[in-house]
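Report on the structure
Now for the letters of each chain:
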Amino acid sequence: MPATVTSLRNRAVSLLTAAGITDPEVDADLLIGHVLGQSRGEVQAGSILNRPISPADAATIDILLARRGRREPLQHITGRAPFRSLSLNVGPGVFVPRPETEQVAQLAIDALRSMPDPEPIGVDLGTGSGAIALALATEVPHARIFAIENSPEAFSWTTRNFKEVAAENAILTFGDLVDAFVELDGTVAVVISNPPYIPADAIPRDPEVRLFDPAHALFGGPDGLDVVRSVSATGLRLLRPGGVLVIEHGELQGAAIRELLAIDGWRAPATHRDYTSRDRATTALRP
């Protein structure tokens, strides 16, 4: 019996449900759509209409479903990750941007837009795929955005994304965030970072994170805050008085990071929740 979108989608949802995928219908639609060159809505319409699928496409979809069933990230399979208005290249070696980071980026975007500078400067420390930096550059086009990444594996993906998005106001540099952009000291309006913040002895819950995300982007020392401390020091160096620091972190780290920033001399450290009401980012002002 020839395969149809209906039969393949039902099989896909069943397989992904058994594998423990959180949103099996979403992933099934996106994987089928990836092979067929269709949107999720088009896949759903094809399922309602019981449209046929060629044997070659059905075989390809089955291969991709098996990979997803082994908990390989959907974004690795499709090679793309959505982030705000962008679609980014991702794969092994680079951290896949998460929806919750879109909200963290919004804090930096709002801060940049509020600055009186004709060309406010934003810096993304540890940019990974380039998601945050490119969102800032495209959504605040009058700003100048600088991004730095120190992982060679991630940097190849970052370079591809910067070239593809082609934001003329975004500059990418390879290097360590500790020494980042000394030429900008005291002139930056906003510093943002999504640093590695998982404690070294913690085991990430999700197999997609545990098995596929690079450890370099996940683990931040014994208490998870080693890189956060470096971000604080670099932020104090880069930002001008009144500049804004934005740090993404784990849901249980808000109090510790507020204390860390207060000890370092930052003003008004405040923690912000994401859409699931979990602490997700802490901001502070350069005195």
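The protein chain goes by Release factor glutamine methyltransferase in an unreviewed UniProt entry, where it is assigned to Cryobacterium serini. What UniProt states about the protein chain under its Catalytic activity (unreviewed entry) heading is, verbatim, "L-glutaminyl-[peptide chain release factor] + S-adenosyl-L-methionine = N(5)-methyl-L-glutaminyl-[peptide chain release factor] + S-adenosyl-L-homocysteine + H(+)". Per UniProt, the protein chain has the following entry under Sequence similarities (unreviewed entry): "Belongs to the protein N5-glutamine methyltransferase family. PrmC subfamily."

Next up on the list: the packing of aromatic side chains. In this description, a pair of aromatic rings is defined by centroid distance and the angle of the planes. As enumerated under the stated definition, the model contains two aromatic pairs in all. With centroids separated by 5.5 Å and ring planes inclined at 65°, the aromatic side chains of Phe146 and Phe181 adopt a geometry described as edge-to-face. Residue Phe146 is found in strand 4 (residues 144-149), and its partner Phe181 is found in the loop between strand 5 (170-174) and strand 6 (188-193); the two are separated by 35 residues along the sequence. We classify Phe146 as buried; its relative accessible area is 7%. Aromatic side chains Phe155 and Phe174 sit 5.1 Å apart centroid to centroid with 75° between the ring planes, which places their arrangement in the edge-to-face category. On the criterion of sequence distance, the pair formed by Phe155 in helix 8 (residues 152-165) and Phe174 in strand 5 is long-range, its members being 19 residues apart.

On to the pattern of salt bridges. A complete count under the given rule lists 17 salt bridges for this structure. The shortest N-O distance in the salt bridge between Asp213 and Arg98 comes to 2.6 Å. Taken together, the positions of Asp213 in the loop between helix 9 (207-212) and helix 10 (226-238) and Arg98 in the loop between strand 2 (86-89) and helix 6 (99-114) put the pair 115 residues apart, joining distant regions of the chain. Given the relative accessible area of 7%, Asp213 is considered buried.

Now for the UniProt feature "binding site: substrate" (unreviewed entry) in the protein chain. Mapped onto this numbering, the UniProt entry gives "binding site: substrate" (unreviewed entry) at Asn194, Pro195, Pro196 and Tyr197. Among the structural elements, Asn194 can be located in the loop between strand 6 and helix 9. Its place among the elements puts Pro195 in the loop between strand 6 and helix 9. Its relative accessible area of 4% is what places Pro195 among the buried residues. Residues within four places of Pro195 in sequence aside, it is in contact with Val227, Val228, Val231, Ile247 and Glu248.

Criteria and thresholds
Residues numbered from 1 in each chain as written. Predicted model: local features only at pLDDT ≥ 70, side-chain atom pairs only at ≥ 80, totals over all residues. Heavy atoms only, no water. UniProt positions renumbered as here; feature names shortened; annotations may be inferred. Phe/Tyr/Trp six-rings, centres within 6.5 Å; stacked < 30°, edge-to-face > 60°. Helix = DSSP H or I, 4+ residues; strand = E, 2+ residues; numbered from the N terminus. Buried < 20%, exposed > 50% of the residue type's maximum accessible area, 1.4 Å probe, protein only. Salt bridge = Lys/Arg side-chain N within 4 Å of Asp/Glu carboxyl O. Contact = heavy atoms within 4.5 Å.

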